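Read off the chains here:
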Amino acid sequence: MSATLKFTNANRSLFFATVRQRVDTYFQLHQLSRHANRAMWVKTILFLISFVGLYGLILSGLLGPWGMLVAAGLLGATNAFIGFNICHDALHGAFSANKHVNKSLGLLFNLLGASPYVWGITHNLVHHTYTNIPGHDEDIEVAPGLVRLSEEEPVRPWQRFQHFYAFALYGLASLSWVLRKDYVKFFQAKIGEHVAHHPRKEYFNLFLYKGLYYILFIVLPLVLLPITWWQFVLGFLAMHFVEGLVLGLVFQLAHVVEGTAFPLPDAQGEMQEAWAVHQLQTTANFSPTSKLASFFCGGLNRQIEHHLFPRICHIHYPALSVIVRETAQEFGLPYLENPSFLGALQSHYRILYKLGRASA
């Protein structure tokens with residue numbers, strides 16, 4: 001795989017210039033900010049109150065073992081929703097026009113046990129630039145060697161069963177962030193094409209916020225709650241399994257379903273398509289008309305709009321999707337959608353089955 005990669009737009013596509021102009025016109029005509037509106041702030045406050053309430057309820061000791069287990073699962077789901085709705089927008093600079101507000105809300109990512117700094121590199125810079133390109137987009141490297149998500153990955157005999165066990169591995173995504181992934185990515189020489197030159201303060205921040213997370217979610221429960229160590233482990237794993245499964249599925253249903261591409265650069269390290277056209281080819285929406293999916297997934301059920309306009313708050317994606325869809329059709333470009341969550345899940349399952357059966 002070439003070390004350098006660029007999009008040449010060999011066909012001189014005007015798609016992105018056109019859709020960007022139309023989106024700009026939409027905001028101007030309706031005199032709207034591109035950032036969070038009142039509804040977005042209400043949703044933000046609701047999720048944060050839910051987090052504080054569930055965390056406080058668990059530490060209060062008022063619940064029995066089964067009640068704490070259920071609350072731990074709900075807290076895991078709430079963590080994922082905070083990540084989708086608040087942190088994700090903030091770290092993209094989309095939540096507010098004020099960079100200090102974005103930075104402050106982005107720090108909440110540490111409550112998920114994940115580093116906002118590392119995420120900014122792996123997701124904002126690498127994934128959003130080199131979406132679904134094997135060897136460049138490390139976000140598609142889910143459990144390497146265990147789960148095969150593209151034709152370019154080597155085939156291993158046990159992968160014939162991946163359509164059964166992959167979902168359990170997705171549930172470990174959050175736990176991996178907390179205990180392993182951030183450290184590995186931080187100390188890699190390169191993440192994708194990004195050469196790592198971390199500011200000195202980020203070394204301090206990484207260990208500081210990880211330490212605070214371990215105190216909040218490991219030390220305090222063990223000290224304050226009348227539970228055994230194995231009951232704590234069960235609750236901790238339940239929280240992270242729910243959180244990881246929600247996070248993992250939303251990502252997979254956006255990039256690893258039937259119709260999405262995993263293109264490779266040519267020998268010169270060039271992608272012939274324009275970057276925006278590449279995003280249409282590698283990304284899919286799911287449940288686009290579901291208000292429930294939009295509310296909980298932070299607009300990530302409309303990943304096409306997010307990949308094209310990551311610095312616009314997701315609260316505006318329903319309106320933008322109409323513009324993007326019509327413009328894509330006008331230019332004869334794909335606009336991939338699964339009408340429901342279940343339909344997207346079934347499509348992803350078929351991909352897992354197909355790529356796994358190659359090992360047979």
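Residues numbered from 1 in each chain as written. Predicted model: local features only at pLDDT ≥ 70, side-chain atom pairs only at ≥ 80, totals over all residues. Heavy atoms only, no water.

Per an unreviewed UniProt entry, the protein carries the name Fatty acid desaturase and comes from Hymenobacter glacieicola.

Moving on, we come to the overall build of the protein. Along its length, the protein carries 14 helices and six strands. For 360 residues, the compact-globule estimate of 2.2 N^0.38 gives 21 Å, and the C-alpha radius of gyration of the protein, at 21 Å, lies within 12% of that figure. Looking at the protein as a whole, 51% of its 360 residues qualify as buried. Within the protein, contacts between residues at least 6 apart in sequence are counted, and of these 72% link residues at least 24 apart. (Helix = DSSP H or I, 4+ residues; strand = E, 2+ residues; numbered from the N terminus. Rg over C-alpha atoms; globule rule 2.2 N^0.38 Å. Buried < 20%, exposed > 50% of the residue type's maximum accessible area, 1.4 Å probe, protein only. Contact = heavy atoms within 4.5 Å.)

The next subject is the UniProt feature "transmembrane region" (unreviewed entry) in the protein. With numbering aligned to this structure, UniProt lists the feature "transmembrane region" (unreviewed entry) at residues 40–60, 66–84, 105–122, 161–179 and 207–227. Taken end to end, residues 105–122 is 50% helix and 0% strand, and its two terminal C-alpha atoms sit 19 Å from one another. The annotated region residues 161–179 carries 84% helix and 0% strand content, and the separation between its end C-alpha atoms amounts to 27 Å. (UniProt positions renumbered as here; feature names shortened; annotations may be inferred.)

One pair of aromatic rings is described through two measures. These are the centre distance and the angle between the planes. This structure, assessed with the given rule, holds 27 aromatic pairs. Between Phe295 and Phe296, the ring centres sit 5.1 Å apart and the planes meet at 85°, which makes this aromatic pair edge-to-face. Accessibility expressed as a relative area gives 28% for Phe296, which makes it partly exposed. A network of ring pairs unites the aromatic residues Tyr117, Tyr183, Phe186, Phe187, Tyr203 and Phe207 as a single cluster. (Phe/Tyr/Trp six-rings, centres within 6.5 Å; stacked < 30°, edge-to-face > 60°.)

Formed by 45 residues in total, the largest nonpolar core has its most connected members in Leu75 and Phe217. Here the element with the most residues in this core is helix H3 (residues 65–91); it accounts for 12 residues. Discounting chain neighbours no more than four positions away, the residues touching Phe217 are Phe51, Tyr55, Leu75, Leu111, Phe232, Phe236 and Met239. Within the second largest apolar cluster, 20 residues are counted, among which are Tyr26, Ala274, Ala276 and Leu280. (Core = buried A, V, L, I, M, F, W, Y, C linked by side-chain atoms within 4.5 Å.)

The next subject is the environment of Leu336. Residue placement: Leu336 occurs in strand S6 (residues 336–338). Linking Leu336 and Phe217, residues 119 residues apart in sequence, is a C-alpha distance of 39 Å. Aside from chain neighbours lying at most four places away, what touches Leu336 is Gly259, Thr260, Leu280, Gln281, Thr283, Ala284, Asn285 and Ile304.

Moving on to the layout of surface pockets. Put simply, the largest pocket is a space of about 870 Å³. Lining the largest pocket are 37 residues, with Asp139, Val142, Ala173, Trp177 and Lys181 sitting closest to its centre. Broken down by secondary-structure element, the contributors of at least two residues to the lining of the largest pocket are H3, helix H5 (116–129), helix H6 (162–170), helix H7 (173–187), helix H9 (229–255) and helix H12 (303–308). Per element, the largest residue contribution to the lining of the largest pocket is eight residues, and it comes from H7. Considered class by class, the residues forming the lining of the largest pocket number 17 nonpolar, 14 polar and six charged. Size it by volume and the second largest pocket reaches roughly 590 Å³. Taken together, 24 residues line the second largest pocket, and the ones lying closest to its centre are Leu91, Lys103, Pro116, Tyr117 and Glu202. Secondary structure elements with two or more residues in the lining of the second largest pocket: H3, helix H4 (99–106), H5 and helix H8 (200–224). Among the elements that take part in the lining of the second largest pocket, H8 stands out by supplying seven residues, more than any other. Tallied by class, the residues present in the lining of the second largest pocket amount to 12 nonpolar, eight polar and four charged. (1 Å grid on protein atoms, 1.4 Å probe; cavity = no way out; pocket = protein on both sides within 12 Å on 5 of 7 lines; lining within 4 Å. Points joined across faces, edges and corners; volume = space filled by probe spheres on them. Nonpolar A, V, L, I, M, F, W, Y, C, P; charged D, E, K, R; others polar.)

Tallying each qualifying case throughout the model produces one cavity of 30 Å³ or more. The volume enclosed by the largest cavity comes to roughly 40 Å³. Phe109, Ala114, Ser115, Val118, Trp119, Thr122, Trp177, Lys181 and Asp182 together form the lining of the largest cavity. Those elements that provide at least two residues to the lining of the largest cavity are H5 and H7.

Another aspect to go through is the pattern of salt bridges. Under the counting rule described, the total for this entry stands at eight salt bridges. A salt bridge links Glu151 to Arg148, with the nearest nitrogen and oxygen atoms 3.8 Å apart. (Salt bridge = Lys/Arg side-chain N within 4 Å of Asp/Glu carboxyl O.)

Now for helix H14 (residues 341–357). With 17 residues, H14 should cover 24 Å at 1.5 Å per step; its first-to-last C-alpha distance of 24 Å lies within 8% of that length. Turning to H14, its buried residues are Gly343, Ala344, Ser347, His348, Ile351, Leu352, Leu355 and Gly356. On the buried face of H14, the contacting elements are H6, H9, strand S5 (284–286) and S6. (Expected span 1.5 Å × (residues − 1).)

On to H5, then. Among the 14 residues that make up H5, 11 are buried, leaving the element largely enclosed by the rest of the structure. Within the sequence span of H5, burial applies to Pro116, Val118, Trp119, Gly120, Ile121, Thr122, His123, Asn124, Val126, His127 and His128.

What follows is about the packing of H3 against H9. Think of two packed helices as two axes; the pair is described by the angle between the axes and how far apart they sit. Contact geometry of H3 with H9 gives a least axis separation of 8 Å together with a crossing angle of 30°. Classified by the angle between their axes, H3 and H9 sit roughly parallel to one another. Viewed along their axes, H3 and H9 form a crossing whose handedness is right-handed. Note on element contacts: H9 touches H3 through Gln231, Leu234, Gly235, Ala238, Met239, Val242, Glu243, Val246, Leu247 and Val250, opposite Pro65, Leu69, Ala72, Gly73, Leu75, Gly76, Ala77, Asn79, Ala80, Phe81 and Phe84. When its residues are assigned to classes, the contact of H3 with H9 shows 15 nonpolar, five polar and one charged. (Axes fitted to C-alpha atoms, helices over the stretch in contact; angles between N-to-C directions. Parallel < 35°, antiparallel > 145°, perpendicular 65-115°, else oblique. Left-handed = near helix turned anticlockwise from the far one by under 90°.)

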